[in-house]
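Structural description and commentary
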Amino acid sequence: IHMNPSQSTLTLEGDDLDRVDKAMQHISYLNSRQFPTPGIRRLKITSVVKCFNEEDCVSIPSVEGYVMVLQPEEPKISLSGINHFARSASEFESSEGVSLFPELRIISTITREVEPEGDGDEDPTVQESLVSEEIMHNLDTCEVTVLGEELNQEQESLEIDMTRLQQKGIEMSSSNLGMVITGVDTMASYEEVLHLIRYRNWHTVSLFDRKFKLVCSELNGRYVSNEFKVEVNVIHTANPVEHANHIAAQPQFVHPVHHTFVDLSGHNLANPHPFSVVPSTATVVIVVCVSFLVFMIILGVFRIRAAHQRTMRDQDTGKENEMDWDDSALTITVNPME
């Protein structure tokens, strides 16, 4: 038995026809790929018979045939995890950044037909059922793409621990569009690598959200996963320096400062208290509100008293009118001669 280095040609030599015939029956075709490419594998059998004088004495025609590789059960690669979360602006600006895929999960399933138990010819209504089961296989590419505007290298970036990548034998390339991870490895290893991807932005004043897309594949893109989209939001908080200034100013306002008065005749007293404290805005608002409330109360009291006095005056006027003479029908004639 002889075989060439590429294992594409097999040669059998022997002097016993029966033994050669049995050896030919043991020749097999092997495809070690988990998902072999479907199609026809052609083969050709050429036979030569030599006589005692080492010359070809019998002519045997060649035989051509083929092996048909059927369509394998295609895997379905699924990416899942947290696809929307929010972090404070300080976390984006830190040296570690924010992890984009903290709980990413990669699974692959295949759907195959299961024949019914027993003899299917007895009951024609029994049909084959579909069963989905999880399988483990390798990936060769995962690509992280930025959705929307491209990455601004002056204020944001996608980062990953290169030491961990080198330990796993996986390579990485990045650009303004995102990051591409390549290398044949298990799905579990790709999960660990994707957990390491972090997003940094050291100028988050005008940033409110960022969106990314993750796609993994194998066999040079023959099987592609779903598009896993992630949205991260930036939580902006108030400036802590302003609060510190208010806290520092309150003790000066609460505790009065006692100064020793001395005779300063002849000196300029335009600003005799250089350390006087200006009331805060809240104090001014409170004083204005209290003053307005007192004014409204006083105004209400005066209006009530005025109404009461008007009522009393109307009653007194009615009594006086009852005591007056009604002289509308009275006529007095005076004789001027008398």
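Thresholds applied
- Residues numbered from 1 in each chain as written.
- Predicted model: local features only at pLDDT ≥ 70, side-chain atom pairs only at ≥ 80, totals over all residues.
- Heavy atoms only, no water.
- UniProt positions renumbered as here; feature names shortened; annotations may be inferred.
- Pairing = 2+ DSSP bridges.
- Helix = DSSP H or I, 4+ residues; strand = E, 2+ residues; numbered from the N terminus.
- Buried < 20%, exposed > 50% of the residue type's maximum accessible area, 1.4 Å probe, protein only.
- Polar contact = N/O pair within 3.5 Å; in protein donor to acceptor, adjacent residues only side chain to side chain.
- Axes fitted to C-alpha atoms, helices over the stretch in contact; angles between N-to-C directions.
- Contact = heavy atoms within 4.5 Å.
- Patch = residues over 30% accessible without salt bridge, like charges linked within 9 Å, V, L, I, M, F, W, Y side chains within 5 Å.
- Areas by Shrake-Rupley, 256 points an atom, 1.4 Å probe, with all protein chains shown as cover.
- Salt bridge = Lys/Arg side-chain N within 4 Å of Asp/Glu carboxyl O.
- Phe/Tyr/Trp six-rings, centres within 6.5 Å; stacked < 30°, edge-to-face > 60°.

- Looking up the protein in an unreviewed UniProt entry gives the name CSTN1 protein, with the organism given as Nyctiprogne leucopyga.
- Database annotation for the protein, UniProt heading Subcellular location (unreviewed entry): "Membrane".

1. Digging into the sheet that holds strand β9 (residues 98-99)
- Overall, antiparallel pairing links the three strands, which are arranged β9-β16-β13 in an open sheet. If you trace the sheet from one side to the other, it starts and ends with β9 and β13 (156-159), each paired once.
- Across four bridges, β13 lies against strand β16 (residues 198-201) in antiparallel orientation. Paired with Ser 157 across the strands is Arg 200, a residue of β16.

2. Describing helix α1 (residues 17-25)
- Of all nine residues that make up α1, zero are buried, and the element is exposed over most of its length.
- Among the residues of α1, the N-terminal cap falls to Asp 16, whose side-chain oxygen and the backbone nitrogen of Asp 18 are separated by 3.1 Å.

3. Thoughts on the sheet that holds strand β7 (residues 76-80)
- Taken in spatial order, the three strands of this open sheet run β7-β10-β11, and their pairing is antiparallel. Two strands in the sheet have a free side with no partner beyond their single neighbour: β7 and β11 (129-135). Taken over all neighbouring pairs, the strand axes of this sheet differ in orientation by 30° on average, direction set aside.
- The strands touched by helix α4 (residues 187-195) are β10 (105-114) and β11; relative to β10, the strand with the most contacts, the crossing angle is about 155°.

4. Examining a nonpolar patch on the surface
- A contiguous nonpolar patch, built from Ile 1, Met 3, Leu 10, Met 24, Ile 27, Leu 43, Ile 45 and Val 63 and spanning about 710 Å² of accessible area, is present on the exposed surface.
- Within the secondary structure, Val 63 is located in strand β6 (residues 63-69).

5. Considerations on the packing of aromatic side chains
- Evaluated as defined, the whole model comprises four aromatic pairs.
- Between Phe 35 and Tyr 223, the ring centres sit 5.4 Å apart and the planes meet at 70°, which makes this aromatic pair edge-to-face. Linking Phe 35 in the loop between α1 and β3 (39-45) with Tyr 223 in strand β18 (residues 223-224), this pair joins segments that are 188 residues apart in sequence.
- Note on Phe 35: relative accessible area 6%, which makes it buried.
- Using a relative accessible area of 4% as the deciding quantity, one classes Tyr 223 as buried.
- An angle of 45° between the planes, with centres 6.3 Å apart, marks the rings of Phe 101 and Phe 228 as tilted. One end of the pair, Phe 101, is in the loop between β9 and β10; the other, Phe 228, is in strand β19 (residues 228-235), with 127 residues separating them in the sequence.

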